[in-house]
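# Fold and contact review
The primary structure of each chain is shown beneath.
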Amino acid sequence: MSNFNNNAYQSLVTDLIGDTFYKDTSVSGRISFVRKYAEVVIRKILDIDPNKAVTLGAKNIQNRIKNLPNHEFIEAAVETVRGKGNQSTHTQYLEGFDSEDFDNVVDGLFDMLSYLLISYFEKYEFGSRNDVLYSFSMLPPIIRYKVLSFLYKKYPDNISVIDKLVLATVKALSVDEATEWVEREKNALTKMGTVTEKAFNEIAEKEGIEFAELIRNNSPANMYILCKMKISEVGDMVNSRGVLYSDFESALPHYKSRGILTGDDLEATEFNDIMNFLYMGRKEKIREISNESNPYVILNFIS
C-alpha cells in the first residue's frame, strides 16, 4: 500500500502553488515556496510516510535518491532547487534574487515533476497505449519535452518517442531548435521506418492485411522525412495561431475535459494518479501572462 496519498497534500500543495505562481510575492519568497513544494514532490517520488520529516539535503533522503533508477537526473534537479532554495531561507545570504534565479529553480522543479513520468514510462513503454499518449499530450510542452528528451536518450529506436519529441520541441522551444535536432539525428532517423511491425500487425488484425499494407506504403519512407513534415506543418500552425496551451494553467481545462483515463487497470490508475498530482493546486488561466519577462509568474486567474 502506498504511503503517499495525493488527497492528503491537496491543501498544502494548493497553498504552495498559489503562493509561488499566483500571488505578487517577492522573488525570494517564491523560491522558498518552490523548495517546500519540491519536498512534497520528493515525498511522492520516494513514497514517504506523511508522519516522517523530509528535507532535500537530509542524508537519508539523498541516500534514497541515489538508489532510484536514473538517479542522476533527479539528483541534479533536487540540487538546482535546493541551492537557491536554501539561500532564500537563510538570513546570511544578502545578495538578493532575480527572475532568472526563480526561473532556474522552477526549471529544476519541472525536472522533478518530469521524473514522475519518466519513471512511469520506464515501467510502461511509451507509445503502448493510445489513451495514455492522448492524455500525455495535454501536459505543458516543456514537461513533455523534458520527459521525451530523456526517453529518447535511453530508447532512441522508439518512434513514438521521436514523433512526440519533435512536436514538443517545436512547441516548447522553437521550429529552429526542432530542425537542428532532426538534422543532428538524421543518420539514425533515415534508417527508421514510420510504421513499426507491432503497429502493422495491429492494423492488419483489425482492418486486414491489405489495408495495413496500404497504410505502410503511403506513409513517409523514414522518420527523418516524417519529422521534417511535422515540423513544417506544426510550425506553421504555431507561428500563425500560437500554441493551444503553454503551461499547466492553460492546459488544465483540456486535461479535465478529455485527459482523465477511464480504465481501472493498474497502468491507467497509476497514470491518472501522476497526472492528478501534476495538476494539483493549479488554476485555469483566463488571460495572458501579465509579465512577459517572467514566463513562470501568472497573475490573472479565476479564483
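Calculation rules
Residues numbered from 1 in each chain as written. Predicted model: local features only at pLDDT ≥ 70, side-chain atom pairs only at ≥ 80, totals over all residues. Heavy atoms only, no water. Helix = DSSP H or I, 4+ residues; strand = E, 2+ residues; numbered from the N terminus. Buried < 20%, exposed > 50% of the residue type's maximum accessible area, 1.4 Å probe, protein only. Contact = heavy atoms within 4.5 Å. Core = buried A, V, L, I, M, F, W, Y, C linked by side-chain atoms within 4.5 Å. Domains from an automatic or database assignment. Phe/Tyr/Trp six-rings, centres within 6.5 Å; stacked < 30°, edge-to-face > 60°. Lys NZ or Arg CZ within 6 Å of the ring centre and 35° of its normal.

An unreviewed UniProt entry annotates the protein chain as DUF4145 domain-containing protein originating from Anaerobutyricum hallii.

### Concerning the overall build of the protein chain
Assigned secondary structure in the protein chain consists of 15 helices and 0 strands. When the 303 residues of the protein chain are sorted by exposure, 47% land in the buried category. The long-range share in the protein chain, meaning contacts at least 24 apart out of those at least 6 apart in sequence, stands at 70%.

### Focus: the nonpolar core
Y37, I42, L117 and F121 are the most contacted members of the largest nonpolar core, which totals 90 residues. With 13 residues, helix α5 (residues 99-123) is the largest single contributor of residues to this core. Split by domain, this core shows at least three residues from each of two domains, domain 1 (1-123) and domain 2 (141-244). Look past the residues within four positions of L117 in its chain and what remains in contact with it is F136, L139, I143, V147, F271, I274 and L278.

### Notes on the packing of aromatic side chains
Geometry of an aromatic ring pair is reported as the spacing of the ring centres plus the angle between the planes. Applying the stated rule across the entire model yields 15 aromatic pairs. On the basis of an interplanar angle of 70° and a centroid distance of 4.8 Å, the ring pair of F121 and F126 is categorised as edge-to-face. The exposure classification of F121 matches that of F126, with both residues buried. Between the aromatic rings of F126 and F136, the centroid separation amounts to 5.4 Å while the plane-to-plane angle is 80°, which identifies the pairing as edge-to-face. Within this pair, whereas F126 is found in the loop between α5 and α6 (130-136), its partner F136 is found in helix α6, the two being separated by 10 residues in sequence. The class of F126 is buried, set by a relative accessible area of 3%. According to the relative accessible area criterion, F136 is buried, its value standing at 1%. Of the aromatic side chains, those joined through ring pairs into one cluster are Y120, F121, Y124, F126, F136 and F271. Its end group placed over the ring of F102, R30 keeps NZ or CZ at 4.8 Å from the ring centre. Here the basic side chain of R282 rests over the ring of F21, its NZ or CZ set 4.7 Å away from the ring centre.

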